[in-house]
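What the coordinates show
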Amino acid sequence: MKNVLLTSVFLLATLSISAQNKNVQKETEIVTTTIKDSKGEKKIVKTVETKEVQNVELEMSEQKGINIPMKEEAKVNVTTTTKLNVDGETKFIDVDRSAYYNSNGHKYQIVQKGNGYSLLNNSNKETGVLRKTSNSNYIFRSKDKVSFGYFDNEGNLVLETFDYKKDKITMEKYVVER
């Protein structure tokens, strides 16, 4: 009985020590503005927090031990949160991703609509909608598919769709026009 107890404590301790390997970079930019008008002074504090999370993936090589090279093509998830504090009242502001995008030679426009975005084609016809999830990613829905979406470091929209027939995930990238 004592051996079973010690073994289970050892297993729980080793499982709790192991963690997921992630590179996390967090940047916070704070801008304070004071406005004087006939009503007095207003202090506006704008806080922009950018968080980049990348899962660490190692290259498959014959090396063992430490200093194994990391894969360069690992996906980086970027989350930007803007917080505005005006005289003690805090408001959260989403980054506006409205712009023109290109995908497979076709031009699209993303415009803010309601609690998300609409994807419009060349003739300004809605081809799909993007809705924000709780973890700052998006669910894309069109008439024939539902996808998971996010904006990468360059501001491009990336949609990942699961294909049931092929049992794999396909990625579609909408490149932002500058």
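Now for a quick tour of the structure. (Residues numbered from 1 in each chain as written. Predicted model: local features only at pLDDT ≥ 70, side-chain atom pairs only at ≥ 80, totals over all residues. Heavy atoms only, no water.)

Topic: the environment of Pro69
What counts is decided by this rule: Secondary structure is summarised from DSSP: a helix means a run of H or I of at least four residues, a strand means a run of E of at least two, and numbering begins at the N terminus for each. For each residue, the accessible area found with a 1.4 Å probe, counting protein chains only, is set against the maximum for its type, and the residue is called buried under 20%, exposed over 50%, and partly exposed in between.
Within the secondary structure, Pro69 is located in the loop between strand 2 (40–55) and strand 3 (76–86). Judged by its relative accessible area of 34%, Pro69 is partly exposed. Residues Pro69 and Glu57 lie 12 residues apart in sequence; the distance between their C-alpha atoms is 8.9 Å.

A look at the pairing of strand 6 (residues 106–113)
Cut-off, in case you're wondering: Paired strands are those between which DSSP finds at least two bridges.
Two elements, strand 5 (residues 99–103) and strand 6, share 5 bridges in a ladder whose sense is antiparallel. Looking at strand 6, one finds that Ser103 is bridged to His106. Remark: 2 residues form the turn of the hairpin made by strand 5 and strand 6, two consecutive strands paired antiparallel; Asn104 in that turn has positive phi of roughly 55 degrees. In this structure, strand 6 lies alongside strand 7 (residues 116–120), joined through 5 bridges in antiparallel fashion. In the sheet register, Ile110 faces strand 7, and the bridge partner there is Leu119.

Things to note about the packing of aromatic side chains
Our working definition: Any Phe, Tyr or Trp ring, taking Trp's six-membered ring, that has another such ring centre within 6.5 Å forms a pair; planes under 30 degrees apart are called stacked, those over 60 apart edge-to-face, and the others tilted. For a Lys NZ or an Arg CZ to count as sitting over a ring, it must be within 6 Å of the ring centre and within 35 degrees of the ring normal.
Counted by the stated rule, this structure contains 5 aromatic pairs. Taking the centre distance of 5.3 Å and the plane angle of 75 degrees together, the rings of Tyr108 and Tyr174 count as edge-to-face. Of the two residues, Tyr108 sits in strand 6 while Tyr174 sits in strand 12 (residues 168–176), which places them 66 residues apart along the sequence. With respect to burial, Tyr108 and Tyr174 carry one shared label: buried. Ring-pair connections join several aromatic residues into one group, and the members of that group are Tyr117, Tyr138 and Phe151. It is Lys107 that lies over the ring of Tyr100; its NZ or CZ is 4.8 Å from the centre.

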